[in-house]
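Each chain, written out:
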Amino acid sequence: MKPQLLKISNPADTSFNLLKMDGQNFPTPWHYHPEIEIVLMLESTGKKYVGSSITDFEPGDLCMIGSFLPHYYKSDEAYMKNNPNLRARSMVVHFNTDFIGNQFWETPESYNIKNLLERAKRGLQFSKETSANIHPKFVEMFNLEGMARLLKFLEVLDDMAKSKDLEFLSTDPIQIRNEVDSDRIKKVLEHVSENFKNQIRLDDVAQLANMSESAFSRYFKKRTRKTFSNFLTDIRIEYACKLLQNDKLSISQIAFDSGFYNLSNFNRQFKAIKKITPLAYRMNYLD
C-alpha cells in the first residue's frame, strides 16, 4: 500500500474524533494528516515510526503526534501470523488545533495546552506514570457524550500539558512534500530499524531511495535536519540506553549489540549525545 495523506472526518455531532483500533495488527500504513493524534496503546508490541524516530511500543505506551508528522505503528512479527491469542488494540484521538475555536487558545488558562500542541510538532512520548494516570480518563471519555466528553478531553489535555516526564520523539519534523518523499523515508526507516545492529552502508540506503550517494545525503539532511550518519548513531544510542537499564550485560556487550564495533567510539558517541558516560547512565538509572 502506498503511503498516503489520510482524510479524517469527525462525526457530525462532535468537534474531535475518537477511535478504537482492534485487530490482529495495525493496518494503517506510513501516513500523515493535518489533525493532531493521541495514541494510547492497550495491547500489542512492536515499533512505532514518528518523524525521524524509531522506538518500541508496548501496552501503556502514550504519545502525541503533531500535524503532518508522518507516522505508523508496526506490530511485532507474531501479530502478523493470525494468532487468535494476540490482539492489537489502542484508543486514538484526532483533533484539529482549532477544534474549540482559535480564541480559546488566547486565554491565560489555556497557555499550557497551547504550548503542548506546539511541542507536539516533534512528537511527544509520555512516561508510564503519565499514561497510567490518563488511562482511566481516556476510557471515561470514550463512554461520555456531548459537553461531558469535551470537558473530559480538556482535562486529559491539561494532564498531558502538566507532565514533567515527556520526551521529544523527533529532533525535527520530517519534511514530506509528496508520496515519493514519504515512500523513500519509509523504506529508509524500515531498513534502519531492521539492520541498525549491523553495518549499514550509505550506498545501500541510497539504492533503496533510488538515488546516488551524494543526492541521497543532501535529500536526507534536507528532510530530517541531520545527516544519515548522525541519524543512525541516534538510533543506536537510544537502543543502548534501553540495554543499559539492565545490569546483566557488560558495557562492551551493549556497545556490540547496539551496532558499535569499537568500545571507545561507543563511549565517545554516547557521551556526546547524552552528556554522560554509559556507566554513569546505568548507575543513575539503577539508583
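See above for the structure.
Quick summary incoming for the structure in this document. (Residues numbered from 1 in each chain as written. Predicted model: local features only at pLDDT ≥ 70, side-chain atom pairs only at ≥ 80, totals over all residues. Heavy atoms only, no water.)

**Quick notes on empty space enclosed by the protein**
Stage number 1. Applying the stated rule across the entire model yields one cavity of 30 Å³ or more.
Stage number 2. Roughly 110 Å³ of internal volume is contained in the largest cavity.
Stage number 3. Where the lining of the largest cavity is concerned, the elements lending two or more residues are β6 (53-57) and α7 (228-244).
Stage number 4. Ranked by the residues each element gives to the lining of the largest cavity, the list is headed by α7, at four residues. (1 Å grid on protein atoms, 1.4 Å probe; cavity = no way out; pocket = protein on both sides within 12 Å on 5 of 7 lines; lining within 4 Å. Points joined across faces, edges and corners; volume = space filled by probe spheres on them. Helix = DSSP H or I, 4+ residues; strand = E, 2+ residues; numbered from the N terminus.)

**A word on unusual backbone geometry**
Stage number 1. One non-glycine residue, S44, adopts positive backbone phi at about 105°.
Stage number 2. Given the relative accessible area of 2%, S44 is considered buried.
Stage number 3. With a phi angle near 60°, F68 is a residue other than glycine that sits in the positive phi range.
Stage number 4. Positionally, F68 belongs in the loop between β7 (62-65) and β8 (71-75).
Stage number 5. A residue is classified by how much of its surface remains accessible, and F68, at 45% relative accessible area, is partly exposed. (Buried < 20%, exposed > 50% of the residue type's maximum accessible area, 1.4 Å probe, protein only.)

**Some details on the packing of α7 against helix α9 (residues 263-274)**
Stage number 1. In contact at an axis separation of 10 Å, α7 and α9 are set at 95° when each is read in the N-to-C sense. Put simply, α7 runs roughly perpendicular to α9. Mapping the contact onto sequence places T233, D234, I237, E238, A240, C241 and L244 in α7 and F266, Q269, F270, I273 and K274 in α9.
Stage number 2. The residue inventory of the contact of α7 with α9, partitioned by class, reads seven nonpolar, two polar and three charged. (Axes fitted to C-alpha atoms, helices over the stretch in contact; angles between N-to-C directions. Parallel < 35°, antiparallel > 145°, perpendicular 65-115°, else oblique. Contact = heavy atoms within 4.5 Å. Nonpolar A, V, L, I, M, F, W, Y, C, P; charged D, E, K, R; others polar.)

**Observations regarding the nonpolar core**
Stage number 1. Counting residues in each nonpolar core, the largest one holds 34 residues, and the members touching the most others are V192, F216, F228, F231 and F266.
Stage number 2. When residues of this core are traced back to their parent elements, those giving at least two are α4 (179-195), α5 (202-208), α6 (213-224), α7, α8 (251-257) and α9.
Stage number 3. With 31 residues, the next largest nonpolar core counts M91, V93, L117 and A120 among its residues. (Core = buried A, V, L, I, M, F, W, Y, C linked by side-chain atoms within 4.5 Å.)

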